[in-house]
Structure formats: C-alpha cells, structure tokens
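Understanding the architecture of this molecule
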Amino acid sequence: MALRPISSLACGIALVLGFILAPLVFPNLYFRVAMGNLIPLLIGTVTLVLAVRNTLDSRGNTRLFWGLMTAGLAMWWFNQAGWAWFEVVLRQPVPDPFYGDIILFLHGVPFMAAVAIRPQRADRREGVLSDALNVVILLVWWVVVYAFAVFPDEYLVRNASAYSLRWDILYLLEALIVIAVSGWSYLTSSGTWRTLYRNILLASIVYAISSETINAAIARGTYVSGGMYDVPFLISLLGFFWVALTGRRALREMQSTSSDTPAAHAPFAPLLAKVALLSLPLMGFWALFMGAGPAYLRQVRFTVAMGGFAVLAFFVFLKQHLLDRKLVQLLRQSRNSYDNLQRLQGRVVQQAKLASLGELVAMAASELEYPLSTILGSSESLAASGNLSREQLSIAQKIGQQARRTRDLVNDLLSFAQQTPGDKTPLELKPLLQRAVQMEGFKLENREISLTVKSGDALPRVLGNSNQLLQAFLQVVENAVDALQDAGGGRLMVSLRHEGNEVVIEFADTGPGLRDPQRVFDPFYTTKPVGKGTGLGLSATYGVVQDHKGQITCYNRPEGGAAFEIRLPALRAGMPVAEAARA
C-alpha cells in the first residue's frame, strides 16, 4: 500500500519533467503549443472522469460536494478544450474576447461552494436542498458580478484594458476566497476530510500563482502555450487530479464519517450567501451615483445589480420558506415525541405500581383465603342450626354476609395479582363490544340510559384473548353506566375505527366526567361509595390492554362527560398468528 503514493508522485514528477524537457528535444513551435494544450486537456479529462465516478458512488452531502467539484472541473475542461480547438485544430490565436473566459471565470464558484458546505459537518436530516440553494445564490452572485464589472467593457464598448484588469482582479479575488475557505476547512477538520482539504488548499495555491503569472504574461504579450508559464499550471492540474484520486480511494471512509462530527463552527456557504445578497444594492448605488463612464453603461450596471438582487431575493425567500416548513415539521415531531415520552413514562410508572402491588396483594389474598373460608363455613353452620335465637341468627347471617363480601374482595385481589397472558387468536372486536353492551344493558333499570355501538366497515381483526378483552370492555362499560346512573341518565356511545396500524375503541359518555383522570388506573383508586367498588377493575383492564400490546387512555370531553380510548394493534392480512404474537 505504501508504494501507491510514491509511484503516483513519481509519475507526476516524470510528467512535469517531460513537459519541461520536451520543447528542448522538439523545438518546433507547433509541437510546443500542441503539447501545452493537449497534456492539460488529457489530465483534466482523467480528473473529470474520476470526479464523476465519485459523485455517482456517494450520497447525501458528500454527493453534493463531489457534484460541485465535478461542475468546476467540467467548466475548467471546457475552457481548456476551447484553447485546444483554436490553437491546435484551427492553428490560430485564441480570440479576444474569448467566450471561454466567462466559463473560466465561473469555474471557481463550484470549488468554493463545495469546500464551504463542509459535508462532514452537515446534518443528514436537513438534506442537501438548503446547501444547494446556497450554491445557487453564490453562482448567481458571481454571474451578476461578471455582468456588472466585466461584460459591459468586454462586449458593449470593447475596452480591452479595462475589462482585462477587472477580470484579473475578480479572478484573483475568487481564487483567494477558495484558498481561504479551503484553509479554514483544513484547520477545522480531521481524518480523511482534513487530508482532502489540504490537497485542495495546496492545488488552489499553486493554481492561483500560475493563473496570475499567465495573466500577467498575456497582458505583456509574452505568453506562449507550452512554455515555462504553463509548468505551475500543469502542477496545479496534477494537484486536482490527486484530489480526485485520493477522494476515490477514501470514498467509503468519507461517506461513513460524513455527519458524524457536530458542527462546531458556522458553515461558510450561508455566510457567503448573505454577503452576496447585501452587496448587490451597494453595487447598484455605486453604479448609479458614483460610477464613471457613459450614462447608458451606468444604467446597464444598475439594471444588472437590481436584477441580480431580485433573483437572489427570490432564492433567499425560497430557502427561508423551506426552512420554515422544516422548522414546523421539527416542532411537530418534537411535540409528538414529548407526548409519546409522557405516555411512555406513565405506562412505566403504572406497570411498576401494578408489579409491586401485585406481589403484595397475592401474598395477602392467599393468607386471607383460608380464614375467610373457615369464618364463612362456621357462620353458615350456625345459621342452619335451629338452636339460635332470632338475634343470634341475625348476627350469624351478618357475619356470613360480610365474610362473603370479603371473599369477593379477595377473589378480586387474586384475579388482579394473577394476571397471566392467555391464548390469543384473531378476533373481530365488534361482536365483543356488542356483547359487552348487551350484557350491561340487561341490568339497567334506568330507562334514561342508552347504550349504542357504531363502527366502520371492513375493520381489521386483532390478535387477542376474547375472555380477557370482554372483561376489559365490560369493566369500562360498567364504570360509564354507574356514572350515568349517578347523573340521572345519559348516553354511552361506543365507536370502533381503524387508524393506521391500530384499531381504536372509544367509549364516550355524557356523564359528569372524571374527577382525576391521571389516577383512574391506579390500584384501589375509586370514587364509588364504600362497599360498591374496590378500585381494581380499571387497573386490571389496564393490565389486559398492556398484555395485548395496546394502550388505554382516558380524558374529559370538552362537551362534557368522560371518554376512554383503547388502541390495539391491527392484525395485518396474511400475517401468521405466531409472527403477529412476536411482533
């Protein structure tokens, strides 16, 4: 593995030496010009192919990074191909002005944006759209700057000295920004990305030096393709080839480390976009009131600046709109997460109460069962004997009545403490609910109370134990009926519906509502009179619903009355019962 960098470096050095020595061996001018155009074009082609492959084989913000690098390299290649077309194929000087200068001027913008977004610090959840809009804003700004400062003197009035000077200054500024952003990214990164930014930084420095040297030589009229001025340019091309090659070798590592490092510094791309937007009104003001030259040129520059400002404002508005939508979505997710967390905490607390209380209740009920049986048997024997006076018989009957009541309480305690998962089969819930309502309806003496069941069509089945669910439904209905009887009448509406992957059963009554909804499922909590309720029915119902992997909640309705909601997982069509039980 250690031979690869050495051999690549040796090939690069050999290519540069061959580029320097070849004109000495073949002094023909056309050969030198052809070599000065075709060798950089060949290196640019290979580099572009590597960058395209890196783009296709990556994802997320890493793909955006390599896509921008590919765009910059493609624009660079297009300019080099234009030079080769004129000087090698047509054998004539490159025209001035040259259309490729516009492409060459803009090719540094994708490099700048690629390094500025720093994909290793980007959050995958935010996606690439926000960074892509920042890139578009930067590109539009540089287009506006070119149209503002260079284009009028290049194509409208043909002032070669003015536009060449401005082109060189702006191109140098662009190169310095790329160097600054690359250097900062190098200093604030680590691992593979740090190495990549270092390579980009070195290649950008060499290219900035070579481009300024070539531009100065062109201004003096001493530049010839394939001469010594092209040596630093060739080295910078090899530097970007090395960037694409090392990125190719470490692509998997780059992708795996992307988004793993928290963003410790503000990203450059949004900052550059803000500066770009704020600078355009200043440019328009300068063109209109402080600029030199003919009035129509000042009008053109002012129009360009304001038009660019309008375009950038649109993209900023679009970006803000997308960020607002993302913020609303995150707020909604946070609220849902908070509600789920509260519900989960409540379930954990309730299960802990049931578990600890179940052990205590089981032990106490077991200890009470035998004495109660003895007391009840003795009281019944005394009441059956004919040797007791009327007063003694009444006492014996009262003892038996209270013993039976205590035994029922003990049975409730045992049934609460010994909740065990029963066999579960696919069930239709509507018949169970109708049966529970009918069983409770037969006991009603108050004709002012109405019980109804409604449901949607084609409801999925659930995996459950029919006896346990029936007892749970009966308990909820019984509590609602008791509340309605205390209120002198009313209505209980039981509805059944399908929501997502759940079947929802809602019990809504028009009674007085719940006094303390948070404590309804607590063991031994009851609002019924002494002797009428133990406070264990809804706790046992809670345990049954939990055993069926469902949820039960209660609340007071805004229009009055109480509502209990039970959610049970729906059984997917075609799913085996064993698999559904494990899910």
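Residues numbered from 1 in each chain as written. Predicted model: local features only at pLDDT ≥ 70, side-chain atom pairs only at ≥ 80, totals over all residues. Heavy atoms only, no water.

**Considering the overall build of the protein chain**
- When you go through the protein chain residue by residue, the secondary structure sums to 18 helices and 7 strands.
- Evaluated residue by residue, the protein chain yields a buried proportion of 42% over its 583 residues.
- For the protein chain, contacts bridging at least 24 residues in sequence account for 76% of all contacts bridging at least 6.
- Total accessible area computed for the protein chain in this model is approximately 31,100 Å², and 62% of it derives from carbon and sulfur atoms. (Helix = DSSP H or I, 4+ residues; strand = E, 2+ residues; numbered from the N terminus. Buried < 20%, exposed > 50% of the residue type's maximum accessible area, 1.4 Å probe, protein only. Contact = heavy atoms within 4.5 Å. Areas by Shrake-Rupley, 256 points an atom, 1.4 Å probe, with all protein chains shown as cover.)

**Quick look at helix 9 (residues 191-220)**
- Between its first and last C-alpha, helix 9 extends 44 Å over 30 residues, near the 44 Å set by a 1.5 Å rise per residue.
- After helix 9 finishes, the residue glycine 221 shows a positive phi value of roughly 80°. (Expected span 1.5 Å × (residues − 1).)

**Re the pattern of salt bridges**
- Scanning the entire structure with this criterion turns up 11 salt bridges.
- Where arginine 557 meets glutamate 559, a salt bridge forms, and the shortest distance between an N and an O atom there is 2.6 Å.
- According to the relative accessible area criterion, arginine 557 is partly exposed, its value standing at 21%.
- Linked through salt bridges whose partners overlap, the residues forming this network are Arg497, Glu499, Glu502, Glu506, Glu565 and Arg567. (Salt bridge = Lys/Arg side-chain N within 4 Å of Asp/Glu carboxyl O.)

**Considering the sheet that holds strand 4 (residues 490-499)**
- Judged by pairing direction, the sheet is mixed, and its 5 strands sit side by side in the order 2-4-5-7-6 without closing on themselves. Strands with a single pairing partner mark the edges of an open sheet, and in this sheet they are strand 2 (449-455) and strand 6 (551-556). Each adjacent strand pair in this sheet contributes to an overall mean axis angle of 15°, direction not counted.
- Of the strands in this sheet, strand 2, strand 4, strand 5 (502-509) and strand 7 (562-569) are in contact with helix 16 (residues 466-486), which crosses strand 5 at around 20°.
- With respect to the sheet, helix 17 (residues 537-547) is in contact with strand 6 and strand 7, its orientation differing from that of strand 6 by roughly 135°. (Pairing = 2+ DSSP bridges. Axes fitted to C-alpha atoms, helices over the stretch in contact; angles between N-to-C directions.)

**With respect to the environment of glutamate 559**
- Following the sequence through the fold, glutamate 559 ends up in the loop between strand 6 and strand 7.
- Taking relative accessible area as the criterion, glutamate 559 reaches 59% and is therefore assigned exposed.
- Between the C-alpha atom of glutamate 559 and that of threonine 510, which follows or precedes it by 49 residues, the distance is 8.4 Å.
- Polar side-chain contacts of glutamate 559 include one of 2.6 Å to the side chain of arginine 557. (Polar contact = N/O pair within 3.5 Å; in protein donor to acceptor, adjacent residues only side chain to side chain.)

**Overview of the confidence of the model for the protein chain**
- Looking at the protein chain, pLDDT values average 80 and 83% of them are 70 or higher.
- For the protein chain, per-element mean pLDDT is lowest for helix 18 (residues 577-582), which scores 53, and highest for helix 2 (residues 29-57), which scores 93.
- This stretch, residues 259-266, has a pLDDT under 50; its non-local contacts, to residues over four places away or in other chains, come to 15 contacts. (pLDDT = per-residue confidence, 0-100.)

**So, the nonpolar core**
- Counting residues in each nonpolar core, the largest one holds 77 residues, and the members touching the most others are Phe65, Trp66, Met69, Trp76, Phe105, Leu196 and Ile200.
- In terms of residue count, helix 6 (residues 129-149) provides more of this core than any other element does, 12 residues in total.
- Non-local contacts of methionine 69, meaning those with residues more than four positions away in its chain, are made with Phe111, Ala114, Ile200, Phe240 and Val243.
- Counting residues in each nonpolar core, the second largest holds 41 residues, with Leu470, Val503, Val544 and Leu568 among its members. (Core = buried A, V, L, I, M, F, W, Y, C linked by side-chain atoms within 4.5 Å.)

**What about a nonpolar patch on the surface?**
- Judged by side-chain polarity, Leu9, Ile13, Leu17, Leu21, Leu24, Val25, Phe26 and Phe31 come together as a nonpolar surface patch covering roughly 810 Å² of accessible area.
- Residue contributions to the nonpolar patch peak at 6 residues, all from helix 1 (residues 3-25).
- Topologically, leucine 24 is positioned in helix 1. (Patch = residues over 30% accessible without salt bridge, like charges linked within 9 Å, V, L, I, M, F, W, Y side chains within 5 Å.)

**Let's talk about the pairing of strand 4**
- For strand 2 and strand 4, the ladder comprises 7 bridges, and the chain directions are parallel. By the bridge assignment, valine 453 is partnered in strand 4 with valine 494.
- Pairing analysis gives 8 bridges linking strand 4 to strand 5, with the strands arranged antiparallel. What sits directly across from valine 494, in strand 5, is phenylalanine 507.
- A loop of 2 residues connects strand 4 with strand 5, the two strands running antiparallel in sequence, and glycine 500 in this loop sits at a positive phi of about 60°.

**Details of the packing of aromatic side chains**
- Per the stated rule, a full pass over the model turns up 25 aromatic pairs.
- Centre to centre, the rings of phenylalanine 65 and tryptophan 66 are 5.1 Å apart; their planes meet at 80°, and the pair counts as edge-to-face. Exposure class is identical for phenylalanine 65 and tryptophan 66. Each is buried.
- Seen from their ring centres, phenylalanine 65 and tryptophan 193 are 5.3 Å apart, and the 80° between their planes marks the pair as edge-to-face. (Phe/Tyr/Trp six-rings, centres within 6.5 Å; stacked < 30°, edge-to-face > 60°.)

**Description of the side chain of serine 204**
- Residue position: serine 204 is located in helix 9.
- Sequence-distant contacts of serine 204, defined by excluding residues within four places in its chain, comprise Val178, Ile179, Ser182 and Phe240.

**With respect to unusual backbone geometry**
- With an omega dihedral of 5°, the bond running from aspartate 96 to proline 97 counts as a cis peptide bond.
- By secondary structure assignment, the location of proline 97 is in the loop between helix 3 (60-89) and helix 4 (100-106).
- With a phi close to 60°, lysine 549 is a non-glycine residue in the positive phi region.
- Examined against the element boundaries, lysine 549 turns out to sit in the loop between helix 17 and strand 6.

**Looking at the pairing of strand 5**
- Strand 5 sits mainly inside the fold: 7 of its 8 residues count as buried.
- Sheet topology note: the strand 5/strand 7 ladder contains 7 bridges and is antiparallel. Looking at strand 7, one finds that phenylalanine 507 is bridged to phenylalanine 564.

**Points about the packing of helix 9 against helix 10 (residues 230-249)**
- Relative orientation of the contacting elements helix 9 and helix 10 amounts to 160°, with a least axis distance of 8 Å. Overall, the two elements helix 9 and helix 10 adopt an arrangement that is roughly antiparallel. As for how helix 9 packs across helix 10, the hand of that crossing is left-handed. Side by side, helix 9 and helix 10 meet where Leu196, Asn199, Ile200, Ala203, Ser204, Val206, Tyr207, Ser210 and Ile214 of the first sit next to Asp230, Pro232, Phe233, Ile235, Ser236, Gly239, Phe240, Trp242, Val243, Thr246 and Gly247 of the second.
- For the contact of helix 9 with helix 10, the residue count by class is 12 nonpolar, 7 polar and 1 charged. (Parallel < 35°, antiparallel > 145°, perpendicular 65-115°, else oblique. Left-handed = near helix turned anticlockwise from the far one by under 90°. Nonpolar A, V, L, I, M, F, W, Y, C, P; charged D, E, K, R; others polar.)

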